[in-house]
Amino acid sequence: MEENELVDYFMAFRESVYLILGLQIIFYSVKVVLKLRNAKVSSSRIFLRSENFLRFLEDLFLFSLSCIAMAVLLYFWWITNHEAFRISGGLVSILSLTLLLLSVRNLKLTLEE
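As the structure is a prediction and not an experimental result, all values here were calculated from the model. (Residues numbered from 1 in each chain as written. Predicted model: local features only at pLDDT ≥ 70, side-chain atom pairs only at ≥ 80, totals over all residues. Heavy atoms only, no water.)

1. Focus on the pattern of salt bridges
This is how the line gets drawn: By salt bridge we mean one thing: a side-chain nitrogen of Lys or Arg within 4 Å of a carboxyl oxygen of Asp or Glu. A run of H or I in DSSP counts as a helix once it spans at least four residues, and a run of E counts as a strand once it spans at least two, with each numbered from the N terminus. Accessible area is worked out with a 1.4 Å probe on protein chains only. A residue is then buried under 20% of its type maximum, exposed over 50%, and partly exposed in between.
Inspection of the entire model under this criterion finds three salt bridges. Two residues, Glu83 and Arg86, come together in a salt bridge whose shortest N-O distance is 3.9 Å. Of this pair, Glu83 and Arg86 both sit in helix 4 (residues 83–111), three residues apart, which is roughly one turn of the helix. For Glu83, a relative accessible area of 16% puts it in the buried group. Its salt-bridge partner being Glu112, residue Lys108 comes within 2.5 Å of it at the nearest N-O pair.

2. A short note on unusual backbone geometry
Not every positive phi belongs to a glycine, and Asn81 is a case in point at roughly 65°. The topology assignment puts Asn81 in the loop between helix 3 (50–80) and helix 4.

3. Here we look at the side chain of Ser93
Formally: Under this definition, polar contacts are N or O atom pairs within 3.5 Å; protein pairs additionally need one hydrogen-donor-capable and one acceptor-capable atom, and for neighbouring residues in sequence, both atoms have to be side-chain atoms. Contacts: residue pairs with any heavy atoms within 4.5 Å of one another.
Position of Ser93 among the secondary structure elements: in helix 4. Judged by its relative accessible area of 5%, Ser93 falls in the buried class. For Ser93, the side chain forms a polar contact with the side chain of Tyr18, separated by 2.5 Å. Leaving out residues up to four positions away in the same chain, Ser93 has contacts with Arg14, Tyr18 and Met70.

4. Overview of helix 3
Where we set the bar: Working rule for helices: expected span equals 1.5 Å times residues minus one.
In this model, helix 3 (31 residues) spans 45 Å end to end at C-alpha, consistent with the 45 Å of a helix rising 1.5 Å per residue. Taken together, the buried positions of helix 3 are occupied by Asn52, Phe56, Asp59, Phe63, Ser66 and Leu73. For helix 3, the elements touching its buried residues are helix 4. Asn81 sits one or two residues past helix 3 and shows a positive phi near 65°.

5. Some words on the environment of Phe76
Looking at the element boundaries, Phe76 is found in helix 3. Each residue touching Phe76, except ones within four places of it in the same chain, is listed here: Asn81 and Phe85.

6. Let's talk about the packing of helix 2 (residues 39–48) against helix 3
The description of two helices packed together rests on the angle between their axes and the distance between the axes. Quick reminder of the rule: As a rule, the C-alpha atoms of each element are fitted with a line to give its axis, helices using only the stretch in contact, and angles between N-to-C directions run from 0 to 180 degrees. If an angle is under 35 degrees, it is roughly parallel; if it is over 145, roughly antiparallel; if it lies from 65 to 115, roughly perpendicular; otherwise it is oblique. We call Asp, Glu, Lys and Arg charged. Ala, Val, Leu, Ile, Met, Phe, Trp, Tyr, Cys and Pro are nonpolar, and the rest, Gly among them, are polar.
Relative to each other, helix 2 and helix 3 sit at 90°, their axes nearing to 5 Å. Considered as vectors, helix 2 and helix 3 are oriented roughly perpendicular to each other. Within the contact between the two elements, helix 2 uses Ile46, Phe47 and Leu48 and helix 3 uses Ser50, Glu51 and Phe53. The residue makeup of the contact of helix 2 with helix 3, split by class, is four nonpolar, one polar and one charged.

Encoded structure:
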């Protein structure tokens, strides 16, 4: 019974972090979409601030890798039913969302005036 309570607290923590990170991702994404409306200015900023754009691509790549790691961990949890895999997958999913947030933030910084 205690193990299930630990998992429930972890789930509440994980979902709270998802909410906080998700709201920030939405905020930055709206700003990026508004900046991308002017294609000529956006493309010139991407060209001139290539180091920020490369950080955006790097974080996006790391986000993709962490999503694969999360899927593998959750697949192992499904096969073995060991809670360690579920908790590890949840922690990696938090890392994934953090990397996505950093990626969107770097794109926003690239497009800023």
